[in-house]
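# Coordinates in review
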Amino acid sequence: MKMRASTIVASVFGIGYFDVAPGTIMSAIATPLALIIAIRAGAMSIVGASLIAFTIGVYACADHMRQTGRSDDPSECVIDELAGQWLACAFAALTFCGLVPAPRYMLVTFALAFLLFRLFDIWKPWPVSAAEKLSGGVGVMLDDMVAGLMAGILVVLARIFLHL
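Residues numbered from 1 in each chain as written. Predicted model: local features only at pLDDT ≥ 70, side-chain atom pairs only at ≥ 80, totals over all residues. Heavy atoms only, no water.

## A few points about helix H3 (residues 43–68)
Counted at 1.5 Å a residue, the expected span for H3 with its 26 residues is 38 Å, and the 36 Å between its end C-alpha atoms agrees. Gly57 marks where H3 bends most, by close to 25°. Note on H3: the residue one or two positions beyond its end, Gly69, has a positive phi of about 75°. (Helix = DSSP H or I, 4+ residues; strand = E, 2+ residues; numbered from the N terminus. Expected span 1.5 Å × (residues − 1). Bend = angle between axes of the 7 residues up to and from the residue.)

## Looking at unusual backbone geometry
A cis amide bond links Trp126 to the next residue, Pro127, at an omega of 10°. Residue placement: Pro127 occurs in the loop between helix H5 (103–123) and helix H6 (128–132). In this structure, Val12 is a non-glycine residue whose phi angle is positive, near 50°. Mapped onto the fold, Val12 is located in the loop between helix H1 (5–10) and helix H2 (22–41). A positive phi angle, near 60°, is found at Phe13, a position not held by glycine. Locating Phe13 in the fold gives a position in the loop between H1 and H2.

## Quick word on the pattern of salt bridges
Applying the stated criterion across every chain, the model contains eight salt bridges. Across the salt bridge formed by Arg70 and Glu76, the nearest N and O atoms sit 3.1 Å from each other. One network of salt bridges, with partners in common, ties together Arg118, Asp121, Lys124, Glu132 and Asp143. (Salt bridge = Lys/Arg side-chain N within 4 Å of Asp/Glu carboxyl O.)

## A word on the environment of Ile36
By secondary structure assignment, the location of Ile36 is in helix H2. Residue Ile36 is classed as partly exposed on the basis of its relative accessible area of 49%. Ile36 sits ten residues away from Ile46 along the chain, and the two C-alpha atoms are 9.5 Å apart. (Buried < 20%, exposed > 50% of the residue type's maximum accessible area, 1.4 Å probe, protein only.)

## Looking at the nonpolar core
Ranked by internal contacts, the top residues of the largest apolar core, which has 48 residues, are Ile46, Cys61, Leu82, Trp86, Phe110 and Met141. Sort the elements by how many residues they give to this core and helix H4 (residues 79–94) lands first, with eleven residues. Contact partners of Leu82, with chain neighbours within four places excluded, come to Met26, Ala30 and Ala53. (Core = buried A, V, L, I, M, F, W, Y, C linked by side-chain atoms within 4.5 Å. Contact = heavy atoms within 4.5 Å.)

Written as C-alpha cells, this is what we have:
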C-alpha cells in the first residue's frame, strides 16, 4: 500500500498506526527527543520545533482528512501530539535557562510535562475542548497545542512553588 506524503507526515512515519495508544506512544517518543533538543540546541529550539511541527501538521492533517474523507480528528494523525508535547517540554526546559540543572530535576520536569500533557490531551478540559471543535487540520493540531500550553504553565508553577 502506497501512502501519501501527507499521511506519512501526519502519522509521523506510521507511528499513528500503532494498535494501542498511538498518541501516548508519540508523546513518549517526543519527550526524550525534546530533552535532546534542549541539551544540544537550547530551550528556544524546542519552541521552534513545536511551531514547525504545528505548521506542517495543519497542512498534513488537513490533506490526510481530505483524502480519507474524515471530518473528525483521526487517531492516526499523531503529529499533533508531537507538536503539543514539544510545547509542554519547552516550558520545562525554559525553567532551567541560565541554570546548570541537576539531571534529576530536569528529568522530573520533563516527566511532569509528559504526564500533564497526556492528561489534558485525553481529558480535554476547556479550552482544549473548544480548540478541538475547530475544523480541519487546525482543529486537529490546535487542541494539542492548547493542552501543551496548559501543561507547560503548570510545569512552570510546579518549578516555582514545589522547587522541582
